[in-house]
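Chain by chain, the residues:
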Amino acid sequence: MEYKKYHRRYPNWDYKAVSTKIKEDRKTKEIIYYTLRDNDKKSEGVEVYSGSSYIVGSFDRSYSRRYSLSKVPIKYRWIVDLLKKKHKTIKWSKKEYVNYN
């Protein structure tokens, strides 16, 4: 499985994410697992994207959803488990400002 990582950090804000693309019903979807620190609040969740606004080369209608971990659809849970494991193995930058896509 191929992964892509995202990391954006600014003072008091830190977003770390890992994603993978899957084919579902002949459509490409990007599944993203993220952790977020906003001031002193920490959260984690899942985002699902598909369509021409998000996937390069797609002509499908754009679609996006954000889920808390407890609300992730069953069909994506095994992928999210893999993404969480991958997320834990990444050595994230400790710099004050990061803008990595």
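Bear in mind that the values here come from a model prediction, so they are computed numbers and not experimental data.

J.: So what exactly am I meant to see when it comes to the pairing of strand 4 (residues 41–50) here?
T.: Sheet faces and side chains relate simply in a regular strand, where the side chains alternate between the two faces. Where strand 3 (residues 27–38) lies against strand 4, 10 bridges are found, and the strand directions are antiparallel. When the bridges of strand 4 are listed, Asp 38 appears paired with Lys 41. Here strand 3 folds back onto strand 4, and the loop between the two strands holds two residues, one of which, Asn 39, carries a positive phi near 55 degrees. Relative to strand 5 (residues 63–68), strand 4 runs antiparallel, the two sharing six bridges. When the sheet's bridge partners are listed, Ser 50 is paired in strand 5 with Tyr 63.

J.: Looking at this structure, how should I read the environment of Tyr 100?
T.: Considering the arrangement of structural elements, one finds Tyr 100 in strand 6 (residues 98–100). Residue Tyr 100 is classed as partly exposed on the basis of its relative accessible area, which comes to 43%. Placed 93 residues apart in sequence, Tyr 100 and His 7 show a C-alpha to C-alpha distance of 5.0 Å. Residue contacts for Tyr 100: discarding those within four places in its chain leaves Lys 5, Tyr 6 and His 7.

J.: What is the right way to look at the side chain of Lys 16 in this model?
T.: Within the element layout of this structure, Lys 16 appears in strand 2 (residues 13–24). Residues in contact with Lys 16, not counting those within four places in the same chain, are Tyr 6, His 7, Arg 9, Tyr 33, Tyr 34, Thr 35, His 87 and Trp 92.

Parameters at a glance
Residues numbered from 1 in each chain as written. Predicted model: local features only at pLDDT ≥ 70, side-chain atom pairs only at ≥ 80, totals over all residues. Heavy atoms only, no water. Pairing = 2+ DSSP bridges. Helix = DSSP H or I, 4+ residues; strand = E, 2+ residues; numbered from the N terminus. Buried < 20%, exposed > 50% of the residue type's maximum accessible area, 1.4 Å probe, protein only. Contact = heavy atoms within 4.5 Å.

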